[in-house]
Amino acid sequence: HADAAMYEAKQEGRNNFQFYSSALTADTQQQNSIEQTLKLALNTNSLQLFYQPIVDINTCKLMSVEALLRIKNSELGPEQFVPVAEASGLINPIGRWVLKEAARQSAAWTANGLPAIPIAVNVSAVEFRHREFVDRFEQLIHEHSLEPALLELELTETAVIHNREHAIASLSRLRALGITVSLDDFGTGQSSLASLNGLPLDKIKIDKSLISKLKTNPDSRAITDAMLTLGLSRELQVIAEGTETSAALDYVQSRGFTQAQGFFFCEPLLGEAFESWYLARVNSEKRLNNEQQI
Ligand code: C2E
Ligand code: MG
Ligand code: MG
Ligand code: MG
């Protein structure tokens, strides 16, 4: 709650900030230190993207990879530093860096003989809500020679809640450019099924907190099934995040999910490690096919 209060205070302006600050000194110090770490990482090229496969649930074919941000040699994860980046405005240069780095990696993979693999990038609500977000995004895509068909954009509901009309217009424009749009972490926060209504989307990603409770919690199961039914009726891809075990995969497959992502397939990997993972997989498939032919 302290985080939320501070975030709101910052949103409202520095004048109100002092009102909250006395109770939050320790917290503020921590936020400041994270902000400094982020600035340093941006200036010393110490941000990194890890990539995690997203696969077709029935064939296990690789469909795309999600780019996940890290700070080199830091214990801080995005759950800790993304909120600070958002509150401080650093999320804007960071978001630009992510796109540039994804473009570089995509070109490097292709140069090394991998097929073109769509990359999903996470975009913060703070970036997305900006009036000129789509214009800037389009400009960056051209600048970095990114193929829109190979780009997916993951947004959470916070991005679309505040100004729904603007959000719908922006999503439509992104999709018209050929970019795939996913609603991330669906089923958390204030999400309601009705919020999907009228949103131009390609995919919904059901949050890992729901997926992990599917077997044991009837409420999670009922909520997930309702989201799944709605998603499938809208002909959206529905992705099970946090698929950790083969039992979990069997289960989400039986419920009707179309894609899955999680530690069972692969943890997030650096670009080169992902390349090895991919090649090892292709080779083992080839071996299997040869054995079947013999
Ligand atoms: P997300 O977009 O929902 O990403 C999925 C998170 O689930 C990632 O956490 C991933 O490492 C984790 N995960 C994947 N498979 C499993 C699994 O089987 N079990 C469990 N328990 N976890 C799994 P990560 O990398 O810590 O990222 C956390 C969040 O930070 C992301 O959630 C996303 O909202 C945000 N984030 C990450 N990178 C970026 C970025 O470049 N920009 C922005 N704006 N946000 C980012
Ligand atoms: Mg995501
Ligand atoms: Mg997610
Ligand atoms: Mg998440």
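In the nomenclature of an unreviewed UniProt entry, the protein is known as EAL domain-containing protein of Marinobacter aromaticivorans.

A. Seen up close, the environment of Val98. On the secondary structure map, Val98 appears in helix H5 (residues 91-111). Once residues lying within four places of it in the same chain are set aside, the contact partners of Val98 are Leu49, Leu69 and Val121.

B. Seen up close, helix H9 (residues 164-176). End to end, H9 covers 18 Å across 13 residues, agreeing with the expected 18 Å (1.5 Å per residue, within 8%). By the burial criterion, the buried members of H9 are Ala167, Ser170, Leu171 and Leu174. Taken down its axis, H9 places every buried residue within 100 degrees of arc, on the same side. Exposed side chains of H9 directed beyond 90 degrees from the buried face belong to Glu165 and Ala176. Turning to H9, the residues buried within the fold contact helix H6 (125-128), helix H7 (133-143), strand S4 (151-155), helix H8 (158-161) and strand S5 (180-186). Once H9 finishes, Gly178 follows within two positions and takes phi at roughly 100 degrees, a positive value.

C. Expanded view of the packing of aromatic side chains. Applying the stated criterion to the full structure yields seven aromatic pairs. Note on Phe264 and Phe265: the rings are 5.2 Å apart at their centroids and 70 degrees apart in plane angle, and the pair reads as edge-to-face. Ring centres of Phe274 and Tyr278 lie 6.4 Å apart, and the angle between their planes is 35 degrees; on these two criteria the pair is classed as tilted. One end of the pair, Phe274, and the other, Tyr278, are both in helix H13 (residues 271-293), four residues apart, so they sit about a helical turn from each other. There is no split in this pair, since Phe274 and Tyr278 are both buried. Each member of the aromatic cluster is reached from another via a ring pair, and the members are Tyr51, Trp109, Phe274, Trp277 and Tyr278.

D. Quick look at the site of ligand 1. If you check the shell around ligand 1, you find 23 residues, and the closest are Arg70, Asp184, Asp185, Glu244 and Phe263. The separation between an oxygen atom of ligand 1 and a polar side-chain atom of Asn122 is 2.9 Å. A distance of 2.8 Å separates an oxygen atom of ligand 1 from a polar side-chain atom of Asp185. Here the shell around ligand 1 is built from residues that sort into eight nonpolar, six polar and nine charged.

E. Geometry of the coordination of the magnesium ion (ligand 3). Those donors, Asp184 (OD), Asp185 (OD) and Glu241 (OE), are the protein atoms that reach the magnesium ion (ligand 3), and they lie 1.7 to 2.1 Å from it. Each donor residue of the magnesium ion (ligand 3) lies on the same chain, and together they follow the pattern D-D-x55-E. Separating the magnesium ion (ligand 3) from the magnesium ion (ligand 2) is a distance of 4.0 Å, and Asp184 supplies a donor atom to each of them. Linking Asp184 in strand S5 with Glu241 in the loop between strand S7 (237-240) and helix H12 (246-255), this pair joins segments that are 57 residues apart in sequence. The same class applies to Asp184 as to Glu241, namely buried.

F. Local environment of the packing of H7 against H9. Close contact between H7 and H9 brings their axes to 10 Å; oriented N to C, the two are set at 20 degrees. Between H7 and H9, the angle is such that the two are roughly parallel. As H7 packs across H9, the resulting crossing turns out to be right-handed. Only Ser170, Arg173 and Leu174 of H9 make contact with H7, whose side of the interface consists of Phe133, Val134, Asp135, Phe137 and Glu138.

G. Highlighting the pairing of S4. Within S4, five of the five residues are buried, leaving the element largely enclosed by the surrounding structure. In this structure, strand S3 (residues 119-122) lies alongside S4, joined through four bridges in parallel fashion. Its bridge partner lying in S4, Asn122 is registered against Glu154. Both S4 and S5 contribute to a ladder of four bridges, which runs parallel. Each bridged residue has a counterpart across the sheet, and for Leu155 the counterpart in S5 is Leu183.

Reading the values: the criteria
- Residues numbered from 1 in each chain as written.
- Chains lettered and ligands numbered in written order.
- Predicted model: local features only at pLDDT ≥ 70, side-chain atom pairs only at ≥ 80, totals over all residues.
- Heavy atoms only, no water.
- Helix = DSSP H or I, 4+ residues; strand = E, 2+ residues; numbered from the N terminus.
- Contact = heavy atoms within 4.5 Å.
- Expected span 1.5 Å × (residues − 1).
- Buried < 20%, exposed > 50% of the residue type's maximum accessible area, 1.4 Å probe, protein only.
- Arc of directions from axis to C-beta.
- Phe/Tyr/Trp six-rings, centres within 6.5 Å; stacked < 30°, edge-to-face > 60°.
- Near = heavy atom within 4 Å.
- Polar contact = N/O pair within 3.5 Å; in protein donor to acceptor, adjacent residues only side chain to side chain.
- Nonpolar A, V, L, I, M, F, W, Y, C, P; charged D, E, K, R; others polar.
- Donors = N, O, S within 2.8 Å, 3.2 Å for Na, K, Ca; no water.
- Axes fitted to C-alpha atoms, helices over the stretch in contact; angles between N-to-C directions.
- Parallel < 35°, antiparallel > 145°, perpendicular 65-115°, else oblique.
- Left-handed = near helix turned anticlockwise from the far one by under 90°.
- Pairing = 2+ DSSP bridges.

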